[in-house]
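So you can see what is in the structure, the chains are spelled out below.
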Amino acid sequence: MSFSQIGVVGLGIMGAGIVEVFARAGYQVVGVAESAPAVEAGKSNLSKSLSRAVAKGKLSQAESDEITARVSFGEPFELLANCDLVIEAAPEILPLKIEIFSKLDAAVKSSGILATNTSSLSVTDIANATSRPAQVIGMHFFNPAPVQKFVEVISTAHSDQQVVAQIVELGNSLGKHLAQISDQPGFIVNKLLLRYLNHAVQVLDAGQASKEQMDAAMRELSGYPMGPCELLDLIGIDTCVEILKTIHADTKLEIDEPAAGMVKLVAAGHKGRKSGAGFYDYSEKLDAPTDSNENVKSQVHNDLLIAYLGDCIAMEATGYASKADIDSGMKLGCGLPKGPFEVIESMGIENVRVAQAELAQRTGISAYQPLPL
Ligand code: CAA
């Protein structure tokens, strides 16, 4: 199958980013959103991103114009009728996604593949809302989609393996690195990342470190491009709460319950960058957070890192994902300088296990215990 026209439903930061990825790779793209203002916001997201690339000299104005010319926008789902693939990038609300997929099923030609960019919801539940579940798949991009090179391709028990292979080939044509996985809450990256982000807010809620201390610690001591509170603001705190609810419903672990600090911010409408404020206020340009309390930074860095490495070891041990896919996901999906297994290798697995046991003992949280050998 050749993909000539791609549809995207939902034109928020992720949807507009996905439109840009396909249009840059030479595909004709149709972007659809539920209202005229949402369509305008999508257009504006795309043009801002392209203007930034032009201003930085990464793209010529002529190239930017060509990319823009490949994209058409509108509201009605009928615009998607001839798409070979439609990717849904709506908010993380299962009933909403189910409604969208049943509309897509009616609007898109029968040979069309329908993909969801869900961050954690069941792709199987979404596929069940259509008359073509074998042609429904997860295609999970990372924010900002034009920058992050990783895409998770999620298949279900319904999936037609030919469809999976076609999506993998398509993903490769975008210059992305793909991992193929089965349908589990949070997939590879979000399962690990959201537990880490939630841990950070639990530390913040407990008054053990400030947001600046945590963010500076992860930037300075592990070389992360952003600290956890900055990243929560980038992803959207509301989205993170929804992902955590899905993961928590599966694991039932207290450490996966959305931390109170996040829930309160969302209730106040402080959803992160997209609403102008979250953990930080974005009314003016911010410098990277700094803090000079080296002891607190070292402790919080140790705790966040060790808990996360333990989760990576546990994920690999279940056979859900390989070390290579976990390392690629965290590096190419989140811009981390090293994959977790590279970090474990350099620390020595025995040292990691000792640190896990110490963390579990000090916090009284048994989920931090190392796996039995
Ligand atoms: N759209 C397009 N390009 C963008 C962009 C955007 N929104 N934001 C930044 N960029 C580009 C810039 O143009 C720049 O490109 P060049 O190198 O070609 O010049 C590059 O990214 C770096 O940008 P900046 O210099 O402005 O800023 P930075 O160096 O601080 O990087 C960042 C910004 C790329 C966001 C970086 O901080 C980063 O990688 N952060 C981590 C983000 C992350 O973890 N994402 C995954 C979240 S999880 C997720 O998305 C899944 C989910 O379901 C929740």
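Residues numbered from 1 in each chain as written. Predicted model: local features only at pLDDT ≥ 70, side-chain atom pairs only at ≥ 80, totals over all residues. Heavy atoms only, no water.

Caption draft 1: Representation of helix α8 (residues 211-222). For α8, which comprises 12 residues, the first-to-last C-alpha distance of 16 Å matches the rise-based estimate of 16 Å (1.5 Å per residue) to within 8%. Within the sequence span of α8, burial applies to Gln213, Met214, Asp215, Ala216, Ala217 and Met218. The inward-facing, buried residues of α8 abut α7 (189-205), α9 (228-235) and α12 (294-318). Backbone geometry just downstream of α8 places Gly223 in the positive-phi region, at approximately 70°. (Helix = DSSP H or I, 4+ residues; strand = E, 2+ residues; numbered from the N terminus. Expected span 1.5 Å × (residues − 1). Buried < 20%, exposed > 50% of the residue type's maximum accessible area, 1.4 Å probe, protein only. Contact = heavy atoms within 4.5 Å.)

Caption draft 2: Looking closely at the site of the ligand. Close contacts around the ligand come from 22 residues, with Arg52, Ser119, His140, Asn143 and Asn190 the closest. Lys56 places a polar side-chain atom, nitrogen or oxygen, 3.2 Å from an oxygen atom of the ligand. Of all the secondary structure elements, the ones that give two or more residues to the shell around the ligand are α2 (36-55), α7, α9 and α13 (323-334). Examining the composition of the shell around the ligand, we find that three residues originate from one element, α9, more than from any other. (Near = heavy atom within 4 Å. Polar contact = N/O pair within 3.5 Å; in protein donor to acceptor, adjacent residues only side chain to side chain.)

Caption draft 3: Just the environment of Ser111, in detail. Summarising the element assignment, Ser111 is placed in the loop between α4 (94-107) and β5 (113-116). For Ser111 and Val147, which are 36 residues apart along the polypeptide, the C-alpha to C-alpha distance reads 30 Å.

Caption draft 4: Main features of the side chain of Asp325. Relative to the helices and strands, Asp325 resides in helix α13. Salt bridges are absent for the buried Asp325, whose nearest opposite-charge side chain, Lys331, sits at 11 Å. Among all residues touching Asp325, those that are not within four sequence positions of it are Phe150, Ala179 and Ile188. (Lys, Arg positive; Asp, Glu negative; His and termini not counted. Salt bridge = Lys/Arg side-chain N within 4 Å of Asp/Glu carboxyl O.)

Caption draft 5: Summary view of helix α1 (residues 13-24). In this model α1 runs 16 Å from its N-terminal to its C-terminal C-alpha over 12 residues, within 8% of the 16 Å that 1.5 Å per residue would give. Counting buried positions along α1 gives 10 out of 12 residues, so the element sits mostly inside the fold. Those residues of α1 that sit buried are Met14, Gly15, Ala16, Gly17, Ile18, Val19, Glu20, Val21, Phe22 and Ala23. Of the residues trailing α1, Gly26 is marked for its positive phi of about 100°.

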